[in-house]
Amino acid sequence: MKITDYLKSNIVYLDGGMGTLLQEQGLRPGELPETWNLSHPDVITKIHREYFDAGSNVVSTNTFGANLLKFSHMELSSIIKAAVENARRAADESSGTQKKWVALDIGPSGRMLAPYGDFDFEDAVSLFAETVKIGVACGVDLILIETMNDSYETKAALLAAKENSDLPVFVSNAYSADGKLMTGASPAAMVAMLEGMGADAIGVNCSLGPKALLPIVDEYLAYASIPVLVKPNAGLPKAVNGKTVYDVLPNEFSTDLSLMIMKGVTICGGCCGTTPDYIRALTEKTSVLAPKPVKEKNITLVSSYTHAVTFGKKPVLIGERINPTGKKRFKEALKNNEIDYILKEGISQQEKGVDILDVNVGLPEIDEVLMLKTAVCELQAVTDLPLQIDTSNITAMEAALRRYNGKPLINSVNGKKDSMDAVFPLVKKYGGVVVALTLDETGIPKTANERVEIAERILVEASKYGIASKNIIFDPLALTISADDTAGIETLKAVRMIKTLLDCHTSLGVSNVSFGLPRREVINSTFFALALGYGLSAAIMNPYSDDMMKAYYAFLALNGLDPNCSEYIEFAESLPQVDMSKAAVTVKEKVDDASELQNAIIKGLKEVSAKVTEDLLKTDKPLDIIQNEIIPALDAVGIGYEEKRVYLPQLLMSAEAAKSAFEVIKSHLPEAASPDKCPFVISTVKGDIHDIGKNIVKLLLENYGFSVIDLGRDVPPETVVCEVEKHHAPMAGLSALMTTTVPAMEETIKLLHEKTPWCKVIVGGAVLNQEYANSIHADFYAKDAMETVRIAEDIYKNL
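Residues numbered from 1 in each chain as written. Predicted model: local features only at pLDDT ≥ 70, side-chain atom pairs only at ≥ 80, totals over all residues. Heavy atoms only, no water.

**Some details on the sheet that holds strand β4 (residues 142–148)**
Ordered in space as β1-β10-β7-β6-β5-β4-β3-β2, the 8 strands form an open sheet in which the pairing is parallel. Each edge of the open sheet carries a strand with a single partner, namely β1 (12–13) and β2 (58–60). Pairing analysis gives 2 bridges linking strand β7 (residues 228–231) to strand β10 (residues 267–268), with the strands arranged parallel. Within β10, the position partnered with Leu-229 by the bridge is Ile-267. Sitting on the sheet, helix α9 (residues 210–223) is in contact with β5 (169–173), β6 (201–205) and β7, with an inclination near 170° to β6. (Pairing = 2+ DSSP bridges. Helix = DSSP H or I, 4+ residues; strand = E, 2+ residues; numbered from the N terminus. Contact = heavy atoms within 4.5 Å. Axes fitted to C-alpha atoms, helices over the stretch in contact; angles between N-to-C directions.)

Structural data, given as structure tokens:
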């Protein structure tokens, strides 16, 4: 029986933690847990068997970190083969009578994907694909992708699983206390992307205890139309007598998960700190509970790497300006590969208040496949708005969809058979909401009724691919009224009919209606207001048009979609104010003290930052530019990050822009005038190959003038001590992601305090908190990269 069939009428119980149990069995600091599949198969089998005996339906193989970054292909094959055999043996030996399955467990790679790191998306897909192929060949029943804290890496892993197997795939992400992934994604954004790509179940694991995860689980349940899973930690960790212990016991744990099951969770287990006792308490306490049926939510969502945009709550604005049609300067930028011009256009439209950016780079003179993929990736590095991928080139569409981080809007498909045959398979594979034009082989029908008939045929064809109507937005096509005086009203009728008869959303390219007429903005804005009144869900429009924006904000206020008219008031105050006594126009603007360089750094524009710095060096001293321009900009972004107004990708792109400025400045400085403050030794501890957090800290520290000695990953305590002594470094930073490597961190701290007492040790990582850091005798705990910078600055000032 397939687990997806069993799920329809049963609660599925997963297993619990593995790392802490292996430590109890003698796993040494820095030793790779996956190697125990070969060296200690009886221990691994016993742990699996105890989970099955406790009531687990699914046991995950001991392969969380098994990939080609750690092992050769031959080693990887042997480890996964042994891991599957151990789990199968446990199932056979178990006394439990419940249904049993073996899941291939896949965890993060430990590398940060580009553009924020140096690991290419396709390399990540290939990495996960090798693990998947070996696991499938060894006979696993399903794939569990878990503890992912980056939406882009999650997509890479899911894509690898879907492209290399037909097994069910469950996907679970690890959220921080703020309810976001490390790279900023909300639960709704992850639901949009993962459900769109065809995951069989989605949810959350690790990081926090069950009570702290409840708001995140609630958001999953509100948006997901597929089963939701949860695997909390046993609360918060701390070290007691050299052992890691947790503060939530089995009874409390099982009670909390019982409440989640009653809310609608259908798959549950445990993560760090949980044992077979936790799973036994869970299965016993919930044995009388029946699973709530998983219902179709019928919510239309698109997403970026940070958030989802919902259609139907209020009209969605799609900025039209990244499009060469009728734009001579934009065409020149595309021909000259001026990516920064595209980025500025995207940022500017975001500042004007659009919800989504349309991205069209179609020109006969350029390589559209390469340019569209590049534009999508570069735009996502500087803006967190979802994108509409706008192209008729199917090869370019797939290249952009594959690289897109989130669930995009896709423009477009139409009622022609060859269009649907080409586009729908891409929508199904990569996920997305597709704009469907109401035209077919006979052209664009004149009447609303005929356009609705085409929309109905498109829905029927889409259903054959498993594409739900919520993932189709119809464009009933605004035609110019200068050629047909009924064109406007027929389009408006079609908007209303599609909403009321088909229960689908609509989008329009509003400006087409006024083609050939003078003062087009008058017609456009009035037509836009009428369309909104007829139920239009979204519009591709020019956000620089005051008339269009007036219509939009007035509509929101008049329809109760703008509480206290706050958005309207803010917009109205930004408009030009006419002084009739002087017949002159003055503009009330928000004061913006940021300089051109500071703005470039804040917005993450690397090329602009370098160029502006070159110009400033003609008049300003290099060190003055650092102190008066670069550091204030970094501080502004850092404060935004700490206040949760800026997310990690934006922080990193700002740091990269600052780095570009620094490189220009350093080329004008004599070596003796280097702005470096003092040495800072940094590393990931022995046994841990996850260096994402460490690399982020390194980048920021270097931008703040510290001389960072990066020792890399999997670094022995003796090596850290040696480098601190060599450079007489006053600070050392240690990172760990896995509970199994925290003992190595404690050992490193002990040796540093013994051999280099002048050195202050700062620790960080997903498995740590202040209490845990205190228990292993760290001098400081930093919850994120910016806090590390603040601590380092304070230490430096007191040297």
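**A look at the sheet that holds strand β19 (residues 505–509)**
Read once around its circumference, the closed barrel built from 8 strands follows the order β13-β14-β15-β16-β17-β18-β19-β20, with strand pairing classed as parallel. Strand after strand, the sheet turns through a mean of 30° between neighbouring axes, direction not considered. In this sheet, strand β18 (residues 472–475) lies alongside strand β17 (residues 433–437) in parallel orientation, the contact comprising 4 bridges. Its bridge partner lying in β18, Ala-436 is registered against Phe-474. Across the sheet, helix α17 (residues 448–464) is in contact with β16 (409–414), β17 and β18; its angle to β18 comes to roughly 155°. On top of the sheet, helix α18 (residues 487–502) reaches β18 and β19; it is set at about 160° to β19, its chief contact.

**With respect to the packing of aromatic side chains**
Per the counting criterion, the structure on display carries 10 aromatic pairs. Ring centres of Phe-706 and Tyr-796 lie 6.1 Å apart, and the angle between their planes is 80°; this geometry places the pair in the edge-to-face category. Here the residue Phe-706 occupies a position in the loop between α26 (692–703) and β24 (707–710), and Tyr-796 occupies one in helix α30 (residues 785–797), the gap between them amounting to 90 residues. Phe-706 sits in the buried class, given a relative accessible area of 1%. Put simply, the rings of Tyr-552, Tyr-553 and Phe-571 touch in pairs and so form one group of aromatic residues. Lying across the ring of Tyr-534, Arg-496 places its NZ or CZ 4.1 Å from the centre. (Phe/Tyr/Trp six-rings, centres within 6.5 Å; stacked < 30°, edge-to-face > 60°. Buried < 20%, exposed > 50% of the residue type's maximum accessible area, 1.4 Å probe, protein only. Lys NZ or Arg CZ within 6 Å of the ring centre and 35° of its normal.)

**A word on the nonpolar core**
Counting residues in each nonpolar core, the largest one holds 222 residues, and the members touching the most others are Ile-143, Ile-145, Ile-202, Cys-268, Phe-474, Phe-528 and Ile-630. Tallying contributions element by element places helix α25 (residues 648–666) first for this core, with 11 residues. With residues near it in sequence (within four places) discarded, Phe-528 still touches Leu-317, Val-510, Leu-536, Ala-539, Met-548, Ala-551 and Tyr-552. Counting 27 residues, the second largest nonpolar core, distinct from the first, contains Ala-744, Leu-752, Val-761 and Val-763. (Core = buried A, V, L, I, M, F, W, Y, C linked by side-chain atoms within 4.5 Å.)

**Notes on helix α19 (residues 520–533)**
Between its first and last C-alpha atoms α19 spans 20 Å; for 14 residues at 1.5 Å apiece the expected length is 20 Å, and the two agree. Along α19, the residues classified as buried are Asn-524, Ser-525, Phe-527, Phe-528, Ala-531 and Leu-532. Angularly, the buried residues of α19 cover 165° about the axis, an arc narrow enough to put them on a single face. Looking at the buried residues of α19, the elements they touch are β13 (316–319), α18, β19, β20 (538–541) and α20 (546–558). Taken from the residues just after α19, Gly-535 is the one with a positive phi, measuring 105°. (Expected span 1.5 Å × (residues − 1). Arc of directions from axis to C-beta.)

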